[in-house]
Amino acid sequence: MAMFKKEIYIQRRQQLKQDIAKGIILLMGNHEVGMNYADNCFPFRQDSCFLYFLGLNRPGLAGVLDAEEGIEMLFGTEPTIDDIVWMGTQPSLASLGEQTGMSLVKPFSELEGFVKKAIAAGRTVHFLPPYRPDNRMTIATIFNLPPAEVSQQASASLLKAIVSQRAVKSPEEIIEITKSVNISNQMQLAAMQHTVSGVTENYVAGKILDVAISAGGNIAYPTIFTVNGQTLHNHPTDRVLKNGDLVLCDCGAENSMYYAGDLTRTYPVNKKFSAVQKEIYEIVLGAEIAAAKALKPGVLFLDIHLAACEYIFDGLKQLGLVRGDTKEAVQQGAHALFFLCGLGHMMGLDVHDMEDLGEAYVGYTDTLKKSDQFGLKSLRLGRALEPGFVLTVEPGIYFIPELIDLWAVEKKHAPFINYDKLTAFRNFGGARVEENFFITRNGATLLGDPLVKNVEGIEAFMMGH
Ligand code: GLY
Ligand code: MN
Ligand code: MN
């Protein structure tokens, strides 16, 4: 079980207890989940907050931190002889406690009674909104809440304190994220090498998975490798690649320390961009480069997103697909016919870092709320950047026939969009470029080694393989 040294977890918990100041903090670990029957489980993935504060990649644990008394307890189940017969030698609860610097360990069966007693004694017990049904049920039982109300009762102060800690990555985290991005680079290169006419999307996705698993981790999210790049989360299928297709490959590794990478490249199956593929791709690439240059502390990511929208609108204007005043068009949301998602998101232990803790805390603030405009409502990160943030930059241009038809019928943003010119692009698909950055004191650094991304570089790499 790969972990940082235990002093790091002790210090993180110390900081959390200090920030929360009053009451008890309950951190639920994840459990094994049966895939098609109880003993045939999905690959185990620990909860990211649990990993951040305790580092223990084992199912069936919970941590309790007393913010006032300072006491910390690890709840779990001692391995039985049946567990050992089935899974080999298992660490005792005490040795798990030792690894994370918690000397007090208790049977999991006592968690409910312990928390109930604290509540009865008038203590506040802070918990996070659970995203898995088993933890939702446990919390519902302990706190005597209807399961549907559990998330609303989660502790806002705990959410805020955890987001402020996890948002700023420490040097040892940057080392791990860099490793993940470099594995993700290898996944991307493997995909480019195996992209040829006649193989299926699934075949290439298998080559991507091979790199992630062989590097000692896994994929950080389901791979997107598709000729239908306009569909934002399209997963590989048995579709056979053919010359003329443009593929969008969005894949990333989770390394052995559970940190994510998240990269996208878009390229032609026949190794050479057509004139129109090149035109669209280079608008996206230009938007990505400009956005990356604009990253620095104090700047609203929302403003960098809006600048990317303008860049894309201007590029499409050059191609004759749109018209009119760019700023006005973007302000009204006309660009969102083509760039309908956000420019990026935080990344860390989760690919969309801390998404379960709520965008209101992770990507926005009390004074900057998320817009509900189509396009902007999908921007996960809007707030001012701070040194230590890790995020993705991932502009794209997508041609979704159903959306084009819908808007055309409604004459939506008609002054800005040349609907008659879009017919030729109905089957284009989509293009995206995605890289990962670390915000420094006065700018931003690309995470991982540079990976081919301009047209010439991609074509040269693909021709060489
Ligand atoms: N891979 C998911 C994303 O780019 O947000
Ligand atoms: Mn991605
Ligand atoms: Mn992403």
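Residues numbered from 1 in each chain as written. Chains lettered and ligands numbered in written order. Predicted model: local features only at pLDDT ≥ 70, side-chain atom pairs only at ≥ 80, totals over all residues. Heavy atoms only, no water.

(A) Local environment of the overall build of the chain. Helix and strand content of the chain: 15 helices and 17 strands. Taking 2.2 N^0.38 as the reference for a compact globule, 465 residues should give roughly 23 Å; the C-alpha atoms of the chain span a radius of gyration of 24 Å, in line with that estimate. Counting only C-alpha atoms and orienting by the principal axes, one finds that the chain spans roughly 70 × 50 × 40 Å. Counting the 465 residues in the chain, one finds 53% classified as buried. Intrachain contacts of the chain at a sequence separation of at least 6 include 74% that bridge at least 24 residues. In the structure as shown, the chain presents an accessible area of about 19,700 Å², 55% of it carried by carbon and sulfur atoms. Charged side chains of the chain number 42 positive and 53 negative; the gap between the two group centres comes to 3 Å. (Helix = DSSP H or I, 4+ residues; strand = E, 2+ residues; numbered from the N terminus. Rg over C-alpha atoms; globule rule 2.2 N^0.38 Å. Buried < 20%, exposed > 50% of the residue type's maximum accessible area, 1.4 Å probe, protein only. Contact = heavy atoms within 4.5 Å. Areas by Shrake-Rupley, 256 points an atom, 1.4 Å probe, with all protein chains shown as cover. Lys, Arg positive; Asp, Glu negative; His and termini not counted. Charge placed at Lys NZ, Arg CZ, Asp CG, Glu CD.)

(B) View of unusual backbone geometry. Within the chain, Ala-21 stands out as a residue other than glycine whose phi angle is a positive 65 degrees. Its place among the elements puts Ala-21 in the loop between α1 (6–20) and β1 (24–28). Despite not being glycine, Lys-271 shows a phi value in the positive range, around 70 degrees. Looking at where Lys-271 falls in the secondary structure, it is placed in the loop between β12 (263–268) and α10 (275–294). Classification of Lys-271 as buried rests on a relative accessible area of 17%.

(C) Summary view of the site of ligand 1. Lining the immediate surroundings of ligand 1 are Tyr-221, His-233, Asp-250, Asp-262, His-345, His-352, Glu-394 and Glu-434. In this structure, a nitrogen atom belonging to ligand 1 sits 3.2 Å away from a side-chain N or O atom of Asp-250. His-352 places a side-chain nitrogen or oxygen 2.7 Å from an oxygen atom of ligand 1. Notes on ligand 1: free accessible area 200 Å², of which the protein chains cover 94%. (Near = heavy atom within 4 Å. Polar contact = N/O pair within 3.5 Å; in protein donor to acceptor, adjacent residues only side chain to side chain.)

(D) Local environment of the coordination of the manganese ion (ligand 3). Looking at the manganese ion (ligand 3), one finds its protein donor set to be Asp-262 (OD), His-345 (NE2), Glu-394 (OE) and Glu-434 (OE), positioned 2.0 to 2.2 Å from the metal centre. Coordination at the manganese ion (ligand 3) is irregular: its six donor atoms span angles of 50 to 157 degrees at the metal. Linear spacing of the donor residues for the manganese ion (ligand 3) on their chain is D-x82-H-x48-E-x39-E. (Donors = N, O, S within 2.8 Å, 3.2 Å for Na, K, Ca; no water. Tetrahedral: all angles 85-135°; square planar, octahedral: opposite > 155°, others 65-115°.)

(E) Layout of the sheet that holds strand β6 (residues 104–107). The mixed open sheet is built from five strands, whose spatial order is β6-β5-β4-β1-β7. With one partner strand each, in any of the chains shown, β6 and β7 (125–127) form the two edges of the open sheet. Pairwise comparison of adjacent strand axes, ignoring direction, gives a mean angle of 25 degrees for this sheet. When β1 meets β7, the two strands line up parallel, connected through three bridges. What sits directly across from Leu-26, in β7, is Phe-127. (Pairing = 2+ DSSP bridges. Axes fitted to C-alpha atoms, helices over the stretch in contact; angles between N-to-C directions.)

(F) Local environment of the sheet that holds strand β10 (residues 246–251). With antiparallel pairing, three strands are arranged side by side in an open sheet as β9-β10-β12. The sheet terminates laterally at β9 (224–226) and β12, the two strands that pair on one side only. Averaged over all adjacent pairs, the angle separating strand axes in this sheet is 10 degrees, with direction ignored. Of the strand pairs in this sheet, β10 and β12 are connected by six bridges, and their pairing is antiparallel. Opposite Cys-251, over in β12, you have Leu-263 as the bridge partner. Those strands touched by helix α9 (residues 201–214) are β9 and β10, and its axis lies near 150 degrees from that of β9.

(G) Molecular detail of the coordination of the manganese ion (ligand 2). The manganese ion (ligand 2) binds to the protein through Asp-250 (OD), Asp-250 (OD), Asp-262 (OD) and Glu-434 (OE); the donor distances cover 2.0 to 2.3 Å. Each of the six donor atoms around the manganese ion (ligand 2) contributes to a set of angles spanning 58 to 169 degrees, which defines the coordination as irregular. Coordination of the manganese ion (ligand 2) draws on donor residues from a single chain, spaced D-x11-D-x171-E in sequence.

(H) Molecular detail of the pairing of β1. When you tally the buried positions in β1, you get five out of five residues, the bulk of the element. Burial along β1 is two-sided: the face carrying Ile-24, Leu-26 and Met-28 and the face carrying Ile-25 and Leu-27 are both buried. By the bridge criterion, five bridges tie β1 to strand β4 (residues 62–66) in an arrangement that is antiparallel. Along β4, the bridge assignment pairs Leu-27 with Gly-63.

(I) Spotlight on the packing of aromatic side chains. Tallied over the full model, the rule gives twelve aromatic pairs. Between Phe-399 and Phe-428 the ring centres are 5.4 Å apart and the planes differ by 65 degrees, which places this aromatic pair in the edge-to-face class. Here Phe-428 lies in the loop between α14 (401–410) and β15 (430–432) and Phe-399 lies in the loop between β14 (396–398) and α14, a separation of 29 residues in the sequence. Comparing Phe-399 with Phe-428, the two get one shared label, buried. Cation over ring: Arg-12 sits above Tyr-52, and NZ or CZ is 3.9 Å from the ring centre. (Phe/Tyr/Trp six-rings, centres within 6.5 Å; stacked < 30°, edge-to-face > 60°. Lys NZ or Arg CZ within 6 Å of the ring centre and 35° of its normal.)

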